[in-house]
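# Residue-level structural notes
Letter by letter, the chains look like this.
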Amino acid sequence: MVHAENNGTPNGRNWLLALLPPADLALLSPYLKDVTVKQGALLQEAGEPIDFVYFPHSGMISVLAVMQSGNGIETATIGREGAVNALAGFGVPNAAGRAVQQIEGTSSRIAASHFRTAVNDSAGIRDLIARYTDLKMTQILQSAGCNALHSVQARLCRWLLQTRDRADSDTLALTQEFLSEMLGVNRTTVTVLARALQDEGLINYRRGKVALIDRPRLEKRVCECYAAVRRKTDVFFSTN
């Protein structure tokens with residue numbers, strides 16, 4: 001479910017929009033609309049035409065690779081540091097992956113046609129989106145390696161930490177169904193792993209909610225992929 005609230009310029013909550021000079025942002029502002037997106041909402045289906053570009057201010061969006069069976073596995077997560085469907089600005093007509101609102105939040109949404117016009121009219125926007133695409137590709141490649149080479153427990157820890165980085169609370173609204181889909185495993189596996197982390201005092205796991213109790217110890221359990229993506233993200237925003 002996507003509920004439109006109001007039109008207007010974002011207040012800088014989205015980091016990409018905050019990097020744009022006023023003249024470049026002015027090309028987007030008349031067409032941006034703030035929307036509140038409920039958990040589980042489908043923003044974009046893989047292979048379908050791109051209608052909108054989303055700039056999240058809060059919450060988290062997952063991008064999944066989708067198989068012929070309809071099943072998917074997460075390849076990237078996007079929060080206030082990024083954008084969904086940004087390549088529409090370069091004329092890409094269809095989405096490569098499925099985009100699902102994983103944590104409820106707000107975004108500024110713009111029609112792909114308006115975004116494409118702004119990208120064509122602004123070298124600054126083109127450059128920012130091109131460099132952000134490189135950053136996102138790093139995350140996708142890291143996720144591909146992580147899904148193939150690292151244990152499900154390490155991947156679960158990575159997923160919890162990167163979700164917390166985009167949330168405003170240590171308590172995350174996450175169902176077993178969502179977690180199993182993101183990790184590409186069955187719900188029983190998620191239950192066993194989550195209970196093990198809870199027994200060790202790292203998280204508190206209740207139906208539909210996960211509370212991070214001991215982040216330092218959780219970071220010791222995570223694979224190298226979490227730090228690799230975070231480092232590149234920090235560099236990107238510290239040098240812009």
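Anything mentioned here points back to the structure above.
Now for a look at the structure at hand. Please read these numbers as outputs of a predicted model, since none were measured by experiment.

Attention shifts here to the environment of Leu20. Within the element layout of this structure, Leu20 appears in the loop between α1 (15-19) and α2 (22-28). Sequence separation of Leu20 and Ile125 is 105 residues, and the distance between their C-alpha atoms is 7.2 Å. Beyond its immediate sequence surroundings of up to four residues, Leu20 is in contact with Leu25, Leu28, Ile125 and Leu128.

The next point concerns the packing of aromatic side chains. On inspection of all chains with the given rule, the structure shows 4 aromatic pairs. Here the aromatic rings of Trp15 and Phe237 are separated by 5.2 Å at their centres, their planes lie at 80°, and the arrangement is edge-to-face. In this pair, Trp15 sits in helix α1 while Phe237 sits in helix α9 (residues 224-238), placing the two residues 222 residues apart along the sequence. Owing to a relative accessible area of 40%, Trp15 belongs among the partly exposed residues under this scheme. Given a relative accessible area of 18%, Phe237 falls into the buried group. Aromatic rings pair up to connect Trp15, Phe236 and Phe237 into one cluster. Over the aromatic face of Phe52 sits the side chain of Arg109, whose NZ or CZ is 4.2 Å from the ring centroid.

All told, the structure shown has 3 cavities of 30 Å³ or more when counted by the stated rule. A volume near 80 Å³ is recorded for the largest cavity. In terms of lining, the largest cavity is formed by Thr77, Ile78, Glu81, Tyr132, Leu135, Lys136, Gln139, Arg166, Val229 and Thr233. Grouping the constituent residues of the lining of the largest cavity by class yields 4 nonpolar, 3 polar and 3 charged.

Quick notes on the rules
- Residues numbered from 1 in each chain as written.
- Predicted model: local features only at pLDDT ≥ 70, side-chain atom pairs only at ≥ 80, totals over all residues.
- Heavy atoms only, no water.
- Helix = DSSP H or I, 4+ residues; strand = E, 2+ residues; numbered from the N terminus.
- Contact = heavy atoms within 4.5 Å.
- Phe/Tyr/Trp six-rings, centres within 6.5 Å; stacked < 30°, edge-to-face > 60°.
- Buried < 20%, exposed > 50% of the residue type's maximum accessible area, 1.4 Å probe, protein only.
- Lys NZ or Arg CZ within 6 Å of the ring centre and 35° of its normal.
- 1 Å grid on protein atoms, 1.4 Å probe; cavity = no way out; pocket = protein on both sides within 12 Å on 5 of 7 lines; lining within 4 Å.
- Points joined across faces, edges and corners; volume = space filled by probe spheres on them.
- Nonpolar A, V, L, I, M, F, W, Y, C, P; charged D, E, K, R; others polar.

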